[in-house]
Amino acid sequence: MNRINAGVMLLALLAMAFQAPLAHAHNLRKKGETVTVADSTLSVTPGRDWNRLSGKAGKNVETWTLDGGQLNDLTFFGGIVPGKPLVKERHKKKAPLPKFRKVTLLVELPELLEGTYRTYKNIGTFRLISTNPIKFLGQDGVTFTYEYTDQDQITRKGEATAAIVAGKLYMVSFDAPRLHYFERTIADVRALVATATL
Amino acid sequence: MNWLLLAGALSALSAIPAAAQKAAVPPPYAGVYQPQGVDEIGWWRQDDEDERTLAASPLVIRDEKLTGYIRNVLCATVGTGRCASARVYVIREPVFNASMSPNGTLRVFSGLLLRMRNEAELGAVLGHEFGHFERRHSLNLFRTQRSGTDLLAWSGLLASMAPSYNVIRVYRDLQWSVYGHLFRYGRDQEREADALGVGYLNQSSLPPQAAAAMWQNLMAELEASAKARGLRKPNFKTVAFTASHPPEGERAATLAGLALPDGSGRDNRAAQYRAALAPWLPLLLEDQIKLNDFGGSDYLIQNLAADGWTADLWFARAELYRTRGNQRDFANAIQFYGNAISLSGALPAAYRGLGLALTKTGRLIEGQAALQKYLQLSPDASDAKMISMMVPGAMRNE
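Reading the values: the criteria
Residues numbered from 1 in each chain as written. Chains lettered and ligands numbered in written order. Predicted model: local features only at pLDDT ≥ 70, side-chain atom pairs only at ≥ 80, totals over all residues. Heavy atoms only, no water. Helix = DSSP H or I, 4+ residues; strand = E, 2+ residues; numbered from the N terminus. Buried < 20%, exposed > 50% of the residue type's maximum accessible area, 1.4 Å probe, protein only. Areas by Shrake-Rupley, 256 points an atom, 1.4 Å probe, with all protein chains shown as cover. Phe/Tyr/Trp six-rings, centres within 6.5 Å; stacked < 30°, edge-to-face > 60°. Core = buried A, V, L, I, M, F, W, Y, C linked by side-chain atoms within 4.5 Å. Domains from an automatic or database assignment. Contact = heavy atoms within 4.5 Å. Pairing = 2+ DSSP bridges. Axes fitted to C-alpha atoms, helices over the stretch in contact; angles between N-to-C directions. Disulfide = S-S within 2.5 Å. pLDDT = per-residue confidence, 0-100. Expected span 1.5 Å × (residues − 1). Parallel < 35°, antiparallel > 145°, perpendicular 65-115°, else oblique. Nonpolar A, V, L, I, M, F, W, Y, C, P; charged D, E, K, R; others polar. Salt bridge = Lys/Arg side-chain N within 4 Å of Asp/Glu carboxyl O.

Side note on the overall build of chain B
Helices and strands together make up the secondary structure of chain B, namely 22 helices and 3 strands. Counting every position in chain B, which comprises 398 residues, the buried fraction comes to 55%. Entry remark: accessible area of chain B is about 16500 Å², with carbon and sulfur atoms responsible for 55%.

What follows is the structure, encoded as structure tokens:
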């Protein structure tokens, strides 16, 4: 990299850093208080305190964490409409993401998440471990587990639960490093998912 | 190190001056080399550290046979005396990329293996990288590289200040220990590496014309990818290898001109390449088709099928069409799954995809039959319970 470009990159990084207000509040989500999530009617009652991160990966997406997004990432997808991707695309044309569609079947939702992760992160190491039926939001849903290695070399485990209600996709996913962090919190996450209503 | 080309470069290929100078025979290799001087010693130390991280990375494909094969291709290209100084690591990432760092770490990305069609093309890429290594191009860039390291420190600090998803990603992109440092070689260095790369091939038993052919193929893929996305021209920045280097028309012509004309009759060892990659092809294809790059993936599959369609290729193409998910795609996918099944009965996933595609086009009864077959062939599949809910009576048959 030459010096000029290094300078340009540094300027770009500075611009990014100061564009985002530093005092962006992460909100506390208190134990036992029912809240709606992801700008939708999806509501959950957490069994412990969580932090809601201010950054949004997409229009109807919201992320909670305990120790930071890289250590435990609980993401709610609240009513993704047909024709839309799970998270916001970096560039609609140049870097398109797989879309949720009207004809998408429950059993294909793991593939949708897999395709989104692989495309967004540009990784090859993603593995679906299990896909099973479950009741979610009072409907037939799907719960699935997966594992992937990100560019930061940490292998993460994930578990997601999803259902399609009135043509919209509702999903809760939890990703955490396979070592320690996933097992530590997954029981809390499952309890939280069980409280989800529309 | 950048195999980046312009659309316009291709037209230049046909207009090579007949009297173009052929690549000179590479100079004799000095043998085991130890870094000289404070800059090189420091650079190697950092590189050794990176290699330790790389060697322990979960992203490295640990298959002795595959790694050994790539090594043999490198040895066949640059000669056995030279190749002893390289250590090959195959990284599982579906991109066109390869690099060789100063201490002899040769990184080969899995996406490169999918795109090469024979040993000569692979040798052309490896030889080019080896040329940078042999001429110690990165050492000349060490000073600018140091300013890059400052940048890394700064970006880490700034990323932690701005908690947005994208900034964190940018920071991660700057973690190069596994992926290799970003070398931006100058034109003269690229020219030198091109000359050396083709020079090795000229001297080897592989056809040196492969360098230009490989280039042409990559260009066509990028164009197919851009076209399917409705873009006017390919976005070179999306390809790791080409992002750091502006496309040059001059280069393609030079490459073709450097090749010994009478080398074109040599065996490019395509059959051996296919055989060596065969165990990995399904995985490489899967990684590619799940990248949501319809145009590029379809081009690659058809290109691989130029020597004959196999069940793996039909299956990959079917999955590609089904996951794009337009109604017309399902019709094509159904046909492709059928082709895969007729070539190999032992592909349970083909019955799964066929069943899903049939279901989505309203052919429920046929779809259920296909899913039933999937469950029979693969009763312990990770999604067996989910699929069996779509097949009335499936539980009873288990």
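Topic: the packing of aromatic side chains
All names here are of chain B. In this structure the tally under the stated criterion is 18 aromatic pairs over all chains. Residues Y69 and Y273 carry aromatic rings whose centres are separated by 6.3 Å and whose planes lie at 50° to one another, so their mutual orientation is tilted. Highlighted residues: Y69 in helix α3 (residues 64-78) and Y273 in helix α14 (residues 270-277), separated in sequence by 204 residues. Owing to a relative accessible area of 14%, Y69 belongs among the buried residues under this scheme. By relative accessible area, which is 3% here, Y273 ends up buried.

Comments concerning the nonpolar core
Grouped together as the largest cluster of nonpolar side chains are 98 residues, with contacts concentrated most on L169 and M171 of chain A together with L113 of chain B. Per-element accounting of this core gives the leading share, 8 residues, to helix α17 (residues 311-324) of chain B. Two domains share this core, each providing at least three of its residues, namely domain 1 (7-141 + 183-265) and domain 2 (309-398) of chain B. When neighbours within four sequence positions are excluded, M171 of chain A is seen to be in contact with T75, F76, F77, L86, L113, F144, A160, T161 and A162 of chain A.

Re the sheet that holds strand β8 (residues 139-149) of chain A
Think of a sheet as strands paired side by side through backbone hydrogen bonds, with each pair either parallel or antiparallel. All names here are of chain A. Read from one edge to the other, the open sheet built from 8 strands follows the order β1-β4-β5-β6-β10-β9-β8-β7, with strand pairing classed as antiparallel. Bordering the open sheet on either side are β1 (27-29) and β7 (126-136), each of which pairs with just one other strand. Going across the sheet, the axis of each strand differs from the next one's by a mean of 25°, ignoring polarity. Direction of pairing for β8 relative to strand β9 (residues 155-165): antiparallel, over a ladder of 9 bridges.

A closer look at the state of the cysteines
Residue and element names in this part refer to chain B. Taken as a whole and judged by the stated rule, the model has 1 disulfide over all chains. Disulfide pairing places C75 opposite C83 at an S-S distance of 1.9 Å. Here the disulfide of C75 and C83 is right-handed, its torsion about the S-S bond being about 80°. Of the two residues, C75 and C83, neither departs from the other in class, the shared state being buried.

Overview of the confidence of the model for chain B
Within chain B, residue pLDDT values average 81, and 75% of them lie at 70 or more. Overall, residues 161-174 of chain B carries pLDDT values under 50, and its contacts beyond four positions in sequence, including any with other chains, amount to 29 contacts.

With respect to helix α2 (residues 109-121) of chain A
Quick reminder: α-helices carry 3.6 residues per turn. Residues three or four places apart thus point the same way. All names here are of chain A. Under the 1.5 Å per step criterion, the end-to-end length of α2 is 18 Å for 13 residues, consistent within 8% with the ideal 18 Å. Taken across its 13 residues, α2 has 13 buried, putting it largely inside the fold. Two residues or fewer past α2, N122 is found with a positive phi of approximately 55°.

Structural notes on the pairing of strand β3 (residues 105-109) of chain B
Across a regular strand the side chains alternate sides, sitting on one face of the sheet and then on the other. Residues and elements named next belong to chain B. Most of β3 sits out of view: 5 of its 5 residues are buried. Every second residue of β3 is oriented toward a common face, with T105, R107 and F109 on one face and L106 and V108 on the other, all of them buried. By the bridge criterion, 5 bridges tie strand β1 (residues 87-91) to β3 in an arrangement that is parallel. Paired with V90 across the strands is V108, a residue of β3. With 3 bridges connecting them, strand β2 (residues 98-100) and β3 associate as antiparallel partners. Its bridge partner lying in β3, M100 is registered against L106. Between β2 and β3, which pair antiparallel and follow one another directly, the connecting turn spans 4 residues, one of which, G104, has a positive phi of 100°.

Observations concerning the confidence of the model for chain A
With 87% of its residues at a pLDDT of at least 70, chain A reaches an overall mean of 88. For residues 17-23 of chain A, every residue scores under 50 in pLDDT, and the model assigns this stretch 6 contacts once sequence neighbours within four places are set aside.

A look at the pairing of β9 of chain A
All names here are of chain A. Counting buried positions along β9 gives 9 out of 11 residues, so the element sits mostly inside the fold. A loop of 5 residues connects β8 with β9, the two strands running antiparallel in sequence, and Q153 in this loop sits at a positive phi of about 70°. With 10 bridges joining them, β9 and strand β10 (residues 168-177) adopt antiparallel strand pairing. In the strand pairing of β10, E159 is matched with F174. With antiparallel pairing between neighbouring strands as the criterion, β9 and β10 make up a hairpin whose turn holds 2 residues, including A166 at a positive phi of roughly 50°.

A closer look at the packing of helix α6 (residues 119-134) of chain B against helix α11 (residues 210-228) of chain B
Residues and elements named next belong to chain B. Axis separation between α6 and α11 bottoms out at 8 Å; the angle between their running directions is 90°. Looking at the two axes, α6 sits roughly perpendicular to α11. Contact residues: A120, E121, A124 and V125 in α6; A210, A211, A213 and M214 in α11. Each residue belonging to the contact of α6 with α11 can be placed in one class, and the counts come to 7 nonpolar, no polar and 1 charged.

Let's talk about the side chain of E51 of chain B
Checked against the element boundaries, E51 of chain B lands in helix α2 (residues 37-55). Setting aside anything within four residues of it in sequence, one finds E51 of chain B in contact with R87, Y89, N103 and T105 of chain B.

Overview of the pattern of salt bridges
Think of it this way: side chains of opposite charge can pair up when their charged atoms draw near. All names here are of chain A. Applying the stated criterion across every chain, the model contains 35 salt bridges over all chains. Among the salt bridges present, the one from D39 reaches K56, with a minimum N-O distance of 2.7 Å. Of this pair, D39 sits in the loop between β2 (35-36) and β3 (43-44) while K56 sits in the loop between β4 (50-52) and β5 (61-65); the two residues are 17 residues apart in sequence, bridging distant segments of the chain. Classification of K56 by relative accessible area gives partly exposed; the value is 46%.

Quick word on the sheet that holds β3 of chain B
All names here are of chain B. With mixed pairing, the 3 strands of this open sheet are ordered in space as β1-β3-β2. Pairing within the sheet leaves two strands with one partner each, and these edge strands are β1 and β2. Neighbour to neighbour, the strand axes of the sheet diverge by 15° on average, direction disregarded.

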